[in-house]
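This is what each chain is made of:
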Amino acid sequence: MITLNDYLLVSGLLFAIGLAGVVLRRNIIIIFMCLEMMLSAANLSLVAFSRFNTVNGLPDYNGQMLVFFIITVAAAEVAVGLAIIIALFRARRTVHVDDIDAMKH
Amino acid sequence: MPVYSLEVAVVLLGLVLLMMEAFVAGKDKRFVAHTALLGLGAVLVGSFFVDRTPDASGFWSFYKADGLAMTYKAIALACTMLVIVLGLDYIPVLEKFTARVGGHGAWGEFFCLPVFICAGMMWMASASDLTSIFVSLELVTIAFYVMVTFMRRNVGSLEAGVKYLILGALSTGFLVYGFTWLFGVTGQTNLDVIAAKLNSGTVATVPAMFSFALILVALAFKIGAVPLQFWIPDVYQGAPTPITAYLSVGSKAAGFIVTTRILQVFLGSEALVHNCTAILLAVACATLLVGNLAAIPQTNFKRLLAYSSISHAGFLVLALAAGPAGAFGLAPGQIVAYYLAAYLIMTLLAFAVLVVINRTSGSDDLNAFNGLHQRSPFLAFALLVAVASLAGVPLTVGFVGKLLVFAAAVKASLWLPLGFAIIGAVAGFYYYLKVLRNMYWNAPAGGTLPAITLSGLTKATLLLLIAATVVLGVWWAPLFQLVRR
Amino acid sequence: MSPLDLLIFVPIAAALAMAAGAPARLTALTAAVVNVAVTVWLLVKFQYADGARFQFEATRMILGEPRLGFNVGLDGMALIMVLLTSLVTLAAVMMRPVKAGGEALYYSSSLLIAAGAMGAFVATDLFFFYAFHELALIPTFLMIGMRGTGDNKDAAWKITVYLGLGSLVLLAGLAALVIHAGAAGGGITTFDMAQLRELAPKIPASVQEPIYLTLLLGFGILISLFPFHSWAAPAYASAPAPTAMLHAGVLKKFGLYGLLRVATPMLPAGAHAEWIQHLLLVLLLGNILYIGLVTIAQRELDLLLGNSSVMHMGYVFLGIASGTAIGFSGAVLLMFAHGVSIALLFALCSVVREKTGTLQMSRLGGLAKSAPFLGLVFAMASFASIGLPGFTNFSAELLVFLGGFATKPASGLGAVQIATILALWGVVISAVYMLRAFRRIFKGEPSEATLGATDLAFRGRLPVLLLLAALLVTGFVPNLLMQAVAPFAEALAKAIVIAP
């Protein structure tokens, strides 16, 4: 039997892996993927919380509604974000965070 | 008219502007900005006459129209209008950095997207459910990604945009994960119900504190407080100056209304209030120190204003952390609203001058202000009033805000944080007055530069903001009435 | 509308007119003369018997909760300070700028400092009392930086940051005063001074003491109380003449005025606390004796005057610390006397610099031969500063010392009395440095710098004669001032004794 705690554990792992990727990786595309992973971690635990937190014998749909919004917003974020990253690549020919230093001087 | 028609009107206005921008012939798109100003002005006036009583529909569990919400809606509208005015002055720079090789610039959307951001901020002011908070906050954030990167031929703007994007998305991750846990421990998404649940004593405190920490980190990004404050200087410096002003005022204000509402939930719970207050005070002190001390050595005025924006966030968090008593008959949320209204006036005044300097000298270094007193006494005086108010010199509106925060801290007997606030404010005297040194003591760089001409709209805006700074610093009643609505 | 509003708004209006293009010097002089005329009118109309009560009052409420209003009023002490301000302002705007150009900013800075001082002295609302004082902050910063001499830029930063710190500490103290007075008075938050005088003494003594200490610290930094004095001497030394005259002569009195107007009457238990009193006595002896010795060691006239103005603050503190009516009278009188005499000395100092190009006393000498008028006035100003009879300073210092002795200890000599005996040595110290300065600058063989110096022309004599005349007239007829001060001081001494 899979319990709420198992879901939360997996979701926590996903969040931690995503956060570690954001902090450790240097490629902006990878960082962006890790950011999306953090959102997925939230989605997973939201769904799990709804499923195990029943209202009148049904899952709590408030949480699932939030999941749909998160998915939609994440898609919008990706659309805008990738456009920005491409524009940066055109100007600087790099997607490496260490090269983003125009404001250091 | 029901109150939510304000947001509907602003979104419709944004759509109409996009259509106009796309389909009306002609290269000069200034009319888009003028239409936006008229439309937003009409909504601002209308916001004082709408019907705020909730009806029985489920909509009102996502939406609140209390006085605080109305104040923040007014702040969002006023801020957006002033940013559009600043943008009109900034068109030559936009033209330069958006043009294709040998072609014209494309800056029409520069005056459409802020209208959508404004709608998002107005929605944030009223959001009272985790879902509506999240969606409205993301509407604002994603539109800002575009605005920060708007000058796509300028590397600084692009890099600022990428930094903002990465950290913004990171804060979104923290926010939703925090919301998830808040939903998990309470089983609710409406803030009022969550507050009741948290205070009922049936909720596990450890996961609740976990979600508090995650949400606080995410909100710290929005309001520019420690620990997610380090993006601010770079992004502020790289973004187009009017957008920097917008980030510094509008985005921060919208972040603070959400912070106020979410903190009410946590600080209202007897089991959590102690720990949450301690964390908040630590955040406030750290923000005050980082913002003010790091501002001291700055030589770029835009970065200076960035650190100033961090330090003001420190004062604001201190007001929220000082507890429910508030000061001088204002609740903490009202003090924050007051401070932000004052901050709007003085910061936009400073940025309005900076935009003119940007346009004429192509630089935002402090040295670009050398001898401004001789080139344009009026501009120099405008900036003098702005920095005096930012530094908190009395008889300006900035002082009243600072006094309220001090009073709240005194009332709550927070002597250590008050000491940090005093150190921060003294450091402020130093770094804000640095620009006066450049304007009045120093001679213009490179001999005598030409006098600066100002458009009628800019002059009127500057005069209005100067007058507001001084008059509201003496006559406290209008802003007190505004936040007590 | 009250005549007191004119005192505040005439200089501000003149500054605005200059910004709009009105002829600078003429406008400034007109405004200063109008203020002197209004002051004379006030002196005539003032009900001296009622000197403890606010007169010429005007109330304009801004907010009901908290109670805040742009309220003005004039009691005996405020009358003396208004007289001081308008006299020094007139003399200051008579001083011509050394560098040409930018006259509008030069004169409007002086007028704004004056308007700020006026506003602080006549305000009967705590917020405006505090706020008007800060009006001087930025003009002072600009003037010292733009037109100062020597290390003016460092001095400008130092005075601004120090005064900023002082005013923020003060702000914290005043906020605590207002909030605790509100709590003690049943939840009324008010900035009205008359109301606060009713409510604030009800604050428990254990709370009054830290608030009083904070106020003392805040006001003390503004007054250059030892050991927070290091901003004062360099700033005054490098400031242009009108700024130094107004700042050292008038604006620095704000802190002392605040102690007598706010801290002492509103927090009597704090003022009476023995440990605070002892602390204050030690610090004021630091001002009188330590700074006095520092002053003797100065080699340049401007720094000597700057330090001497710090030193003299100690006497005023002594008058306040005595807690007696005589001591309070002496303190108020000395604020006036010191304000006029230090402004006179700074005016003369700038003349010496202008005529000889230096203020190093080793390079000066024999100036009285080529500039006899200058020598005469400087000698009289020195006598005034030392406190010789015939000048207001004499009667003021005498009252301070008498006030110090009039304290009644349980047995033997009290702390205030011991401090008074030690403070008497200050008179000797100031005699040493002032007379030595006079001898080295004006007597002896003429040096290279003083040989070609000319005496003051008629137009330059006006401001110094004005100030000298004020010192002499009030020195020979101290009752002109005492009739206003005495009722105020008696009421204050009575109020702080009756309070529990």
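Bear in mind the structure is a predicted one, so any value in this text is a computation, not a measurement. (Residues numbered from 1 in each chain as written. Chains lettered and ligands numbered in written order. Predicted model: local features only at pLDDT ≥ 70, side-chain atom pairs only at ≥ 80, totals over all residues.)

## Let's talk about the overall build of chain A
Moving on, step 1. The helix and strand tally for chain A stands at three helices and zero strands.
Moving on, step 2. Put simply, chain A runs from its N terminus to its C terminus through helices and strands in the order α-α-α.
Moving on, step 3. Computed over C-alpha atoms, the radius of gyration of chain A comes to 18 Å, more than 25% over the 13 Å expected from 2.2 N^0.38 for 105 residues, which places it beyond the range of a compact globule.
Moving on, step 4. Counting only C-alpha atoms, chain A reaches 60 × 25 × 20 Å along its principal axes.
Moving on, step 5. The burial tally for chain A puts 32% of its 105 residues in the buried class. (Helix = DSSP H or I, 4+ residues; strand = E, 2+ residues; numbered from the N terminus. Rg over C-alpha atoms; globule rule 2.2 N^0.38 Å. Buried ≥ 20, exposed ≤ 12 C-beta atoms within 10 Å, placed from the backbone.)

## Things to note about the overall build of chain B
Moving on, step 1. For chain B, the count of helices and strands is 19 helices and zero strands.
Moving on, step 2. For chain B, the C-alpha radius of gyration of 22 Å lies close to 23 Å, the compact-globule estimate for 485 residues.
Moving on, step 3. With the principal axes as the frame, chain B shows a C-alpha extent of 70 × 55 × 40 Å.
Moving on, step 4. Counting across all 485 residues of chain B, residues that qualify as buried make up 65%.

## Some points on the interface of chain A and chain B
Moving on, step 1. Taken residue by residue, the interface counts 35 residues in chain A and 32 residues in chain B.
Moving on, step 2. Taken together, the elements giving at least two residues each to the side of chain A that touches chain B come down to helix H1 (4–24), helix H2 (28–52) and helix H3 (61–92) of chain A.
Moving on, step 3. It is H3(A) that provides the largest number of residues to the side of chain A that touches chain B, a total of 17 residues.
Moving on, step 4. Here the side of chain A that touches chain B is built from residues that sort into 26 nonpolar, six polar and three charged. (Contact = placed C-beta atoms within 7 Å. Nonpolar A, V, L, I, M, F, W, Y, C, P; charged D, E, K, R; others polar.)

## Observations regarding the packing of helix H17 (residues 415–441) of chain B against helix H6 (residues 137–147) of chain C
How two helices sit against one another is set out by the angle between their axes and by the gap between those axes.
Moving on, step 1. Here H17(B) crosses H6(C) at 45 degrees, and the two axes come no closer than 10 Å. Between H17(B) and H6(C), the angle is such that the two are oblique. Crossing geometry of H17(B) relative to H6(C) is assigned as right-handed. Contact residues: B:Leu433, B:Leu436, B:Arg437, B:Tyr440 and B:Trp441 in H17(B); C:Phe141, C:Leu142, C:Gly145 and C:Met146 in H6(C).
Moving on, step 2. Residue classes in the contact of H17(B) with H6(C) are distributed as seven nonpolar, one polar and one charged. (Axes fitted to C-alpha atoms, helices over the stretch in contact; angles between N-to-C directions. Parallel < 35°, antiparallel > 145°, perpendicular 65-115°, else oblique. Left-handed = near helix turned anticlockwise from the far one by under 90°.)

## Points about the interface of chain C and chain B
Moving on, step 1. Between chain C and chain B, the contact holds 28 residues from the first and 28 residues from the second.
Moving on, step 2. Of all elements in the fold, only strand S2 (61–63), helix H5 (126–134), H6 and helix H7 (152–184) of chain C reach the threshold of two or more residues within the side of chain C that touches chain B.
Moving on, step 3. Top element by residues in the side of chain C that touches chain B is H7(C). It accounts for 12 residues.
Moving on, step 4. Here the residues of the side of chain C that touches chain B sort into 22 nonpolar, four polar and two charged.

## Describing the arrangement of the chains
Moving on, step 1. Most contacts, when the two pairs of chains in contact are compared, are made between chains A and B.
Moving on, step 2. These two, chain A and chain C, are apart from each other, with no contact and a minimum C-alpha gap of 27 Å.

## Concerning helix H20 (residues 415–442) of chain C
Note that an α-helix has 3.6 residues per turn; residues three or four places apart therefore point the same way.
All names here are of chain C.
Moving on, step 1. Here H20 contains 28 residues, and its C-alpha end-to-end distance of 41 Å stays within 8% of the 40 Å for a straight helix at 1.5 Å per residue.
Moving on, step 2. Val416, Ala419, Thr420, Ala423, Gly426, Ser430, Tyr433, Met434, Ala437, Arg440, Ile441 and Phe442 are the residues of H20 that are buried.
Moving on, step 3. If you follow the buried residues of H20, they end up packed against helix H14 (274–296), helix H15 (301–322), helix H16 (325–356), helix H17 (367–370), helix H18 (372–386) and helix H19 (392–405).
Moving on, step 4. Just downstream of H20 lies Gly444, where phi reads positive at about 85 degrees. (Expected span 1.5 Å × (residues − 1).)

## What to know about the packing of helix H12 (residues 301–321) of chain B against helix H16 (residues 397–411) of chain B
Residue and element names in this part refer to chain B.
Moving on, step 1. Put simply, H12 and H16 touch, their axes get as near as 9 Å, and they point 40 degrees apart. With respect to each other, H12 and H16 are oriented oblique. Here H12 runs over H16; the crossing is left-handed. Between H12 and H16, the contacting residues are Phe315, Leu318 and Ala319 on the first element and Lys402, Val405, Ala408 and Ala409 on the second.
Moving on, step 2. Residues belonging to the contact of H12 with H16 are distributed by class as follows: six nonpolar, no polar and one charged.

## Notes on the nonpolar core
Moving on, step 1. The biggest cluster of nonpolar side chains holds 449 residues, and the ones touching the most others in it are B:Tyr339, B:Leu349, B:Val387, B:Leu404, C:Phe346 and C:Leu348.
Moving on, step 2. Looking at this core, the element that brings in the most residues is helix H13 (residues 332–361) of chain B, giving 22 residues.
Moving on, step 3. Not counting chain neighbours up to four residues away, the residues in contact with C:Phe346 comprise C:Tyr236, C:Ala241, C:Ala244, C:Met245, C:Ala248 and C:Leu305. (Core = buried A, V, L, I, M, F, W, Y, C linked by C-beta atoms within 7 Å.)

## Regarding unusual backbone geometry
Moving on, step 1. Residue B:Pro227 follows B:Val226 across a cis peptide bond; omega there is 10 degrees.
Moving on, step 2. Tracing the backbone through its elements, the reader meets B:Pro227 in the loop between helix H8 (205–223) and helix H9 (231–238).
Moving on, step 3. A cis amide bond links C:Glu65 with the next residue in sequence, C:Pro66, at an omega value of 0 degrees.
Moving on, step 4. Mapped onto the elements, C:Pro66 comes out in the loop between S2 and strand S3 (68–69).
Moving on, step 5. The backbone phi angle of A:Arg93 is positive, close to 55 degrees, even though this residue is not glycine.
Moving on, step 6. Mapped onto the fold, A:Arg93 is located in the segment after H3.

## Thoughts on the environment of C:Gln55
Residue and element names in this part refer to chain C.
Moving on, step 1. With respect to the helices, strands and loops of the structure, Gln55 is situated in strand S1 (residues 55–58).
Moving on, step 2. The spatial distance from the C-alpha of Gln55 to the C-alpha of Ala78 is 10 Å, given a sequence separation of 23 residues.
Moving on, step 3. Ignoring anything within four residues of it in the chain, the contact list for Gln55 reads Phe46, Gln47, Asp50, Gly73 and Leu74.

## Some remarks on helix H4 (residues 103–122) of chain C
Moving on, step 1. Here H4(C) contains 20 residues, and its C-alpha end-to-end distance of 29 Å stays within 8% of the 28 Å for a straight helix at 1.5 Å per residue.
Moving on, step 2. Across the 20 residues that make up H4(C), a large majority, 19, are buried.

## Side note on the environment of B:Gly255
Residue and element names in this part refer to chain B.
Moving on, step 1. Relative to the assigned elements, Gly255 resides in helix H10 (residues 241–267).
Moving on, step 2. Taking the C-beta count within 10 Å as the criterion, Gly255 has 25 such neighbours and is therefore assigned buried.
Moving on, step 3. It is 25 Å that separates the C-alpha atoms of Gly255 and Pro2, two residues lying 253 residues apart in sequence.
Moving on, step 4. With residues up to four places along the chain from it excluded, the contact list for Gly255 reads Leu219, Lys222 and Ile223.

## Observations concerning the confidence of the model for chain B
Moving on, step 1. On average, chain B scores 92 in pLDDT, and the residues at 70 or more come to 99%.
Moving on, step 2. Predicted complex metrics record ipTM = 0.95 and pTM = 0.94. (pLDDT = per-residue confidence, 0-100.)

## Overview of the confidence of the model for chain A
Moving on, step 1. For chain A, mean pLDDT is 90; residues scoring 70 or higher make up 97% of the total.
Moving on, step 2. At the level of individual helices and strands, chain A shows its lowest average pLDDT in H3(A), which scores 92, and its highest in H1(A), which scores 95.

## Section: the environment of B:Gly120
Residues and elements named next belong to chain B.
Moving on, step 1. Turning to its location among the elements, Gly120 is positioned in helix H4 (residues 113–126).
Moving on, step 2. On the neighbour-count criterion, Gly120 (28 C-beta atoms within 10 Å) is buried.
Moving on, step 3. Taking the C-alpha atoms as reference, Gly120 lies 5.3 Å from Val140; in sequence the two are 20 residues apart.
Moving on, step 4. Apart from residues lying up to four places away in sequence, Gly120 is in contact with Ser136, Leu139, Val140 and Ala143.

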